[in-house]
Amino acid sequence: MTLDAFLLLAAALFSVGLYGALSQQSIVMLMMGLELMVNGIVVAGGAFWYYIAPGAADGQVLVLVAVTVMALEMAMGFAVVTALFRARDADLTDDAEDLRG
Amino acid sequence: MQVAAFWALAVTAVASGVAVFRVDSMARATFALLASFLCVGGLLLLLDLHYLGALVVLMMIMEMLVMAVFMVMYMMNPAGLMPMTMIHNGRWALGISVAVFAALAAGIVLTPWPPRRGAPPDDPTYALGEAIMGPKMLVMMGIGLAILATMIGSVVLSTDRGRYDREDPR
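Not measured: the values here are computed from a predicted model.

For the rest of this paragraph, the subject is the overall build of chain B. Along the backbone of chain B there are six helices and zero strands. Counting helices and strands in the order they occur from the N terminus, chain B gives α-α-α-α-α-α. Burial statistics for chain B: of 170 residues in total, 22% are counted as buried. Long-range contacts, defined here as pairs at least 24 residues apart, represent 51% of the contacts in chain B between residues at least 6 apart.

A word on the environment of Arg 116 of chain B. As for its placement among the helices and strands, Arg 116 of chain B is situated in the loop between helix H4 (90-110) and helix H5 (124-133). Since 14 C-beta atoms lie within 10 Å of it, Arg 116 of chain B is described here as partly exposed. When neighbours within four sequence positions are excluded, Arg 116 of chain B is seen to be in contact with Tyr 51, Ile 52 and Pro 54 of chain A.

What follows concerns the environment of Val 56 of chain B. Tracing the backbone shows Val 56 of chain B in helix H3 (residues 50-73). Taking C-alpha positions, Val 56 of chain B is 21 Å from Met 71 of chain B, a pair spaced 15 residues apart along the chain. Every residue in contact with Val 56 of chain B, bar those within four places of it in the chain, is listed here: Val 42 and Val 67 of chain A together with Phe 37, Val 40, Gly 41 and Leu 44 of chain B.

This next bit is on the interface of chain B and chain A. Each partner contributes to the interface: chain B provides 69 residues, whereas chain A provides 58 residues. Only helix H1 (2-20), helix H2 (26-46), H3, H4, H5 and helix H6 (137-158) of chain B provide two or more residues apiece to the side of chain B that touches chain A. With eleven residues, H4 of chain B is the single largest residue contributor to the side of chain B that touches chain A. Across the side of chain B that touches chain A, the residue classes break down as 51 nonpolar, twelve polar and six charged.

The next subject is the confidence of the model for chain B. Detail in the predicted coordinates should be disregarded across regions flagged by low pLDDT. Residues and elements named next belong to chain B. Scored by pLDDT, chain B has a mean of 87; 88% of the residues are at 70 or more. The element-level mean pLDDT for chain B is lowest in H3, coming to 90, with H6 highest at 93. Interface confidence in the predicted complex, given as ipTM, is 0.90; pTM for the same model is 0.89.

What follows covers helix H2 (residues 27-51) of chain A. Because each turn of an α-helix spans 3.6 residues, side chains separated by three or four positions in sequence point in the same direction. Spanning 25 residues, H2 of chain A covers 37 Å between terminal C-alpha atoms, matching the ideal 36 Å at 1.5 Å per step. Judged by how many residues are buried, H2 of chain A sits mostly within the fold: 22 of 25 residues are covered.

Let's shift gears to the packing of H2 of chain A against H2 of chain B. With their axes 10 Å apart at the nearest point, H2 of chain A and H2 of chain B run at an angle of 5° to one another. Judged by the angle between their axes, H2 of chain A and H2 of chain B are roughly parallel. In this structure, H2 of chain A uses Met 29, Met 32, Glu 35, Leu 36, Asn 39, Val 42, Val 43 and Gly 46 of chain A to contact H2 of chain B, whose residues at the interface are Met 26, Ala 29, Leu 33, Ser 36, Phe 37, Val 40, Leu 43 and Leu 44 of chain B. Per-class residue counts for the contact of H2 of chain A with H2 of chain B are twelve nonpolar, three polar and one charged.

Analysis parameters
Residues numbered from 1 in each chain as written. Chains lettered and ligands numbered in written order. Predicted model: local features only at pLDDT ≥ 70, side-chain atom pairs only at ≥ 80, totals over all residues. Helix = DSSP H or I, 4+ residues; strand = E, 2+ residues; numbered from the N terminus. Buried ≥ 20, exposed ≤ 12 C-beta atoms within 10 Å, placed from the backbone. Contact = placed C-beta atoms within 7 Å. Nonpolar A, V, L, I, M, F, W, Y, C, P; charged D, E, K, R; others polar. pLDDT = per-residue confidence, 0-100. Expected span 1.5 Å × (residues − 1). Axes fitted to C-alpha atoms, helices over the stretch in contact; angles between N-to-C directions. Parallel < 35°, antiparallel > 145°, perpendicular 65-115°, else oblique.

In C-alpha cells form, the structure reads like this:
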C-alpha cells in the first residue's frame, strides 16, 4: 500500500467514469459515470490525508464534501431527468442537445 | 494482509466500475456501481478512516437502492426485450478516457510527493468533528446550504405544477 497505488486506483476510477459520462446515451447512465468520477476523488482524498498530511483534517473534509456532492448530484440529476421527461418525453442525451455549440 | 486486502478491493472497485458500462441491464449497472462504492468504503477503512468508510458504505447502499428504482423507471432495453446499443461516440470516449488516465498516471508516478507530515490522530473521527465545527466551519455551512438548495430545487423541478396551480384546472 503506497500513495502511488492509491492514486493510480483513483485515476482508474476517474477515467472509467469519464468514459461512461462521455459515451452513455441515457441521461441516468451518464450520472452513473459522474458518480464514478467522484468516487475516484474520494479515494484520492483519503489517500492524501493518510500519506501526506494526517495531522490536519483537510483530506477528511475533502472526502466529506465529495460524498455530499455525490448525493446532491444524484438528487438534482434525477429531478432534471424527471422535468425533461415530463416536458418532452426525453430520456436520452441526444434528445436534449439544445445547447450544443 | 493489508496489502492483499488493498489489491483485492482495488481490483474489484475498478472491475465493477467497468461492469457498470458493460452490462445490458441498467438495474444490474446500479448494483455494479454499488459494489464499486462498497470497495471504496473498504479502502477508506484500510486507511484508518473508520467514520468516513462506514459513512460511504451506509450512504451508498441507500443511494443505490433509490437509484435502482429510478433506473427501472428510465430503463432502456427493459428485460432485454429491446436489444440496443446504449452508447454513442464510443471510440472517441474510449480514446479520451485512456488519454486522461495516461496523463494522470504519468503525473502520479513522476511527481515527487512530499514526505508525510505529522502522524494520524488517535481518533480521526474526533479530529474531523473538531475541524468542521472549528476552522472548517465554512465548509460545513456551504454543504448545509447546498443540501437545502438541492431539496428545494429538486422538488421545484420535478413537480408538474406550481405553488398556486390547481391539480385539475376547471
